[in-house]
Amino acid sequence: MDLSTSYLGLKLKNPLVPSASPLSRDLATAKRLEDAGAAAIVMYSLFEEDVRHEDEALDEFFHRQDVGHAEADSYRSMVNTPGNGVDDYLARIDALKRALEIPVIASLNGITPEGWHEHALEIEQAGADALELNVYYVPANLDETGERVEQCHIDILMTIRSQVNIPITMKLSPQFSAIGNMVKRLEAAGANGVSLFNRFYQPGIDLETLRVVPELHLSTPAEVLLRMRWIAILHGRVGLSLAATGGIHGAEDALRLLLTGADVIHLCAILLKQGAEHLGVILAEMAAWLEVHEYESIEQMKGSVSQQHAENPTAYERANYLEVLRGYSSRFC
C-alpha cells in the first residue's frame, strides 16, 4: 500500500507530520517521532517578541553602558556578542537535519514584516526544507479593518517570499471573514501551502486576584469538524498544499481529513498526551482502514469526499446547519 503524499513540493512517505511544539526541542524525542513513522517535523516556533526583547537587552548591555557615566566607556566589553535565540534556533535546525532523514520545517511566529526576512534567509541557509509562517495576530484596535488585517498577512508573506526559495506555508486562524478568498490571495502572493487552523489560546481570569492569566487547553476531536469543512471547500479549487492542524487525536480524525482533501495531518496534543510512539499507532490504524476499504494509496482516497466530489455538496454549507438543528433532540423535549 502506498501511503505517500506530496506537501509543499516535498515527497513524504505518509501524511503524518508532528506540528510545532516542544517535541522538536529535544533531538532524542525528534528521533523517536521519526522512528514511529513521522514523515516530516515542524519545529517549535521562533517568536518575534522573544527576538526583539533579546535584541533590545543586548543593545542596552553592550552599547549603553556609558550613559550618565562617561568613564565607563573605556570599560565597555570588547567580547563578541553572545549567542541569542536566533542563533540557538539555527543551530537546532542544523542538529535536526544531521540527526534526521525526514524533512525539517522551520516555524516563524510574528505579526510584522520587519526583520523577519533576514531571519527567514538565515533559516533557509541553515538547511530547513520549508518554512511555516504563523501570523498570530489579534486585532484589538477597534479602528482596524478586516481588509488591513488581511493585508498584514499578505505583506509578511511577500516580504519573506522575496528573500527565500524554500517552500512557505501560512498557518491561518479561522477568523477571516472570507477564508476561501484569503487562501486564493495568499496563493497569488507566493504561498506554497496553508495550514488550517491555528488555535488562539484565550486568556482567563483568576477570581482570587482578579488578574488576567494565560490558560492552556489542549485541542479536542470536536475541533476537527471546522478543519474538515474548509479543506473540503478548498480542495480542487486552489493549487497550494492543504494541511490540517488542530484536534486530530486518532486515525479516524486523520482519515476524515484526508477524505476531504488534506495533503498532510499535523499532530500535537495527542503526542503530548500519549508520547511520540503513539504516532505509529495512528499510522498503523490508518493503514488497516485503507486495506479493509480496498484503497491502494493515500492519493486514491484524498479529496474523494471534498465538496466537489461529495454526494451532497451543500452539506458543507448552510444545509449542514439546518440538518443539525432539525435533527437534535433533547432529553427534556
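Further up the page is the structure itself.
Figured I'd write up the structure that's included with this text.

A look at the pattern of salt bridges
Then comes step 1: Tallying each qualifying case throughout the model produces 10 salt bridges.
Then comes step 2: Across the pair R185 and E150 runs a salt bridge whose closest N-O atoms are separated by 2.8 Å. Of this pair, R185 sits in helix α6 (residues 179-188) while E150 sits in helix α5 (residues 146-161); the two residues are 35 residues apart in sequence, bridging distant segments of the chain.
Then comes step 3: Taking the relative accessible area as the measure of exposure, R185 reaches 28% and is therefore partly exposed.

Thoughts on helix α8 (residues 251-260)
Then comes step 1: The buried count for α8 comes to 8 of 10 residues, which makes it a mostly enclosed element.
Then comes step 2: Within α8 the residues assigned to the buried category are A251, D253, A254, L255, L257, L258, L259 and T260.
Then comes step 3: Structurally, α8 contributes buried residues whose contacts are with α7 (224-234), β11 (241-245), β12 (264-267), α10 (278-292) and α11 (298-301).
Then comes step 4: G261, located one to two residues past α8, shows a positive phi value of around 130°.

Looking at the sheet that holds strand β8 (residues 193-196)
Then comes step 1: One open sheet holds the 8 strands; their spatial order is β3-β12-β11-β8-β7-β6-β5-β4, and the pairing between them is parallel. Looking at which strands have only one partner, the edges of the open sheet turn out to be β3 (16-18) and β4 (41-47). For this sheet, the mean angle separating the axes of adjacent strands, direction not counted, is 25°.
Then comes step 2: Each of β5 (104-109), β6 (130-134) and β7 (168-172) is contacted by α5, which is oriented at about 160° to β7, the strand it contacts most.
Then comes step 3: Where α7 meets the sheet, its contacts fall on β8 and β11, and the angle it forms with β11 comes to roughly 175°.

Some words on α10
Then comes step 1: Compared with the 21 Å implied by 1.5 Å per residue over 15 residues, the 21 Å span of α10 between its first and last C-alpha is a close match.
Then comes step 2: The complete set of buried residues in α10 reads L279, I282, L283, M286 and L290. Buried residues along α10 cover an arc of 100° about the axis, so they all sit on one side. What points out from α10, more than 90 degrees from its buried face, is the exposed set E291 and V292.
Then comes step 3: Against the buried residues of α10 lie β3, α1 (27-36), α8, β12, α9 (269-274) and α11.
Then comes step 4: With its phi angle positive at about 60°, E294 sits one or two positions after the end of α10.

Some details on the nonpolar core
Then comes step 1: Core analysis: the biggest nonpolar cluster contains 79 residues, and I160 and I265 have the highest contact counts within it.
Then comes step 2: Once residues within four sequence positions are removed from consideration, I160 is found in contact with L108, W116, H117, A120, L131, L133 and I168.
Then comes step 3: Y7, A39, A243 and V264 belong to the second largest nonpolar core, which has 12 residues in total.

Description of the pairing of β5
Then comes step 1: With respect to burial, β5 is a largely interior element, 6 of its 6 residues being buried.
Then comes step 2: Pairing of β4 with β5, which is carried by 5 bridges, proceeds in the parallel orientation. Pairing of L46 across the sheet is with L108, part of β5.
Then comes step 3: Examined bridge by bridge, β5 and β6 share 5 bridges and lie parallel to one another. Within β6, the position partnered with I105 by the bridge is A130.

A closer look at the packing of α7 against α8
Then comes step 1: In the contact formed by α7 and α8, the axes pass within 8 Å of each other and the chain directions differ by 20°. In terms of their interaxial angle, α7 and α8 are classed as roughly parallel. Remark: the crossing between α7 and α8 carries right-handed chirality. The residues of α8 that touch α7, namely those facing V224, L225, R227, M228, I231 and A232, are D253, R256, L257 and T260.

Focus on a nonpolar patch on the surface
Then comes step 1: Together, Y201, L216, L218 and L272 give the surface a local cluster of nonpolar side chains, amounting to about 380 Å² of exposed area.
Then comes step 2: The residue L218 is located in the loop between β10 (212-214) and α7 in this model.
Then comes step 3: The partly exposed category is assigned to L218, whose relative accessible area is 33%.

Quick word on unusual backbone geometry
Among all residues save glycine, negative phi is the norm, and among peptide bonds the norm is trans.
Then comes step 1: Cis geometry is adopted by the peptide bond preceding F197, which originates at L196 and carries an omega value of 0°.
Then comes step 2: Looking at the secondary structure, you find F197 in the loop between β8 and β9 (203-205).
Then comes step 3: Even without being glycine, L210 reaches a positive phi, approximately 60°.
Then comes step 4: Positionally, L210 belongs in the loop between β9 and β10.
Then comes step 5: On the basis of relative accessible area, L210 is assigned to the exposed category, the value being 65%.

Points about the packing of α5 against α6
Then comes step 1: Where α5 contacts α6, the axes come no closer than 10 Å and their chain directions differ by 25°. In terms of their interaxial angle, α5 and α6 are classed as roughly parallel. In this structure, α5 meets α6 at a crossing whose hand is right-handed. Facing α5, whose interface residues are E150, Q151, H153, I154 and L157, α6 presents M182, R185 and L186.
Then comes step 2: In the contact of α5 with α6, the residues fall into 4 nonpolar, 2 polar and 2 charged.

About the cut-offs
Residues numbered from 1 in each chain as written. Predicted model: local features only at pLDDT ≥ 70, side-chain atom pairs only at ≥ 80, totals over all residues. Heavy atoms only, no water. Salt bridge = Lys/Arg side-chain N within 4 Å of Asp/Glu carboxyl O. Helix = DSSP H or I, 4+ residues; strand = E, 2+ residues; numbered from the N terminus. Buried < 20%, exposed > 50% of the residue type's maximum accessible area, 1.4 Å probe, protein only. Contact = heavy atoms within 4.5 Å. Pairing = 2+ DSSP bridges. Axes fitted to C-alpha atoms, helices over the stretch in contact; angles between N-to-C directions. Expected span 1.5 Å × (residues − 1). Arc of directions from axis to C-beta. Core = buried A, V, L, I, M, F, W, Y, C linked by side-chain atoms within 4.5 Å. Parallel < 35°, antiparallel > 145°, perpendicular 65-115°, else oblique. Left-handed = near helix turned anticlockwise from the far one by under 90°. Patch = residues over 30% accessible without salt bridge, like charges linked within 9 Å, V, L, I, M, F, W, Y side chains within 5 Å. Areas by Shrake-Rupley, 256 points an atom, 1.4 Å probe, with all protein chains shown as cover. Nonpolar A, V, L, I, M, F, W, Y, C, P; charged D, E, K, R; others polar.

Nothing here speaks to function; it is all geometry.
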